[in-house]
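Architecture and fold: a report
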Amino acid sequence: MGNKTNGILALLGLGALAYWKYKKSTPEQQQAVKDKINSAKDNLNQWGNDLKDKANEVASQAQSKFEEAKSKVEDSASK
């Protein structure tokens, strides 16, 4: 078997083990797992939003630099 097949089988095995362990846990433990997943999701969403904001900021800065350079070129060409 190839490495991909072994990796997929290992991942499926770990998923099945985690699911079995989750189902056998107490309701309090299940809620703790749900809370961890929700907080991880919120953190990931916040990280994505921060990354998007920074990308928009860099794009805005690049646009302003381009406009500045364009106006300088136009001024020097008109002289």
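In this text the structure is predicted, and so the values were computed from the model without any measurement.

**As for the overall build of the chain**
Per the secondary structure count, the chain includes 2 helices and 0 strands. Taken over C-alpha atoms, the radius of gyration comes to 26 Å for the chain, far larger than the 12 Å a tight globule of 79 residues would show. Once the C-alpha set of the chain is aligned to its principal axes, its extents read approximately 80 × 40 × 5 Å. When the 79 residues of the chain are sorted by exposure, 3% land in the buried category. Split by element, the accessible area of the chain, about 7,300 Å² in all, is 60% carbon and sulfur. Separation between the mean location of the 13 positive side-chain charges and that of the 10 negative ones in the chain comes to 12 Å.

**Things to note about a nonpolar patch on the surface**
The grouping of Ile-8, Leu-9 and Leu-12 at the surface amounts to a nonpolar patch, some 310 Å² of accessible area in total. Considering the arrangement of structural elements, one finds Ile-8 in helix 1 (residues 3–24). On the basis of relative accessible area, Ile-8 is assigned to the exposed category, the value being 52%.

**Digging into the pattern of salt bridges**
With the rule as written, the count across this model stands at 1 salt bridge. Lys-72 is the partner of Glu-68 in a salt bridge, and the nearest nitrogen-oxygen pair spans 3.8 Å. Remark: Lys-72 and Glu-68 occur in helix 2 (residues 27–78); sequence separation between them is 4 residues, near one turn of the helix. Judged by relative accessible area, which is 42%, Glu-68 ranks as partly exposed. Lys-72 gets classed as exposed once you look at its relative accessible area, which sits at 54%.

Quick notes on the rules
Residues numbered from 1 in each chain as written. Predicted model: local features only at pLDDT ≥ 70, side-chain atom pairs only at ≥ 80, totals over all residues. Heavy atoms only, no water. Helix = DSSP H or I, 4+ residues; strand = E, 2+ residues; numbered from the N terminus. Rg over C-alpha atoms; globule rule 2.2 N^0.38 Å. Buried < 20%, exposed > 50% of the residue type's maximum accessible area, 1.4 Å probe, protein only. Areas by Shrake-Rupley, 256 points an atom, 1.4 Å probe, with all protein chains shown as cover. Lys, Arg positive; Asp, Glu negative; His and termini not counted. Charge placed at Lys NZ, Arg CZ, Asp CG, Glu CD. Patch = residues over 30% accessible without salt bridge, like charges linked within 9 Å, V, L, I, M, F, W, Y side chains within 5 Å. Salt bridge = Lys/Arg side-chain N within 4 Å of Asp/Glu carboxyl O.

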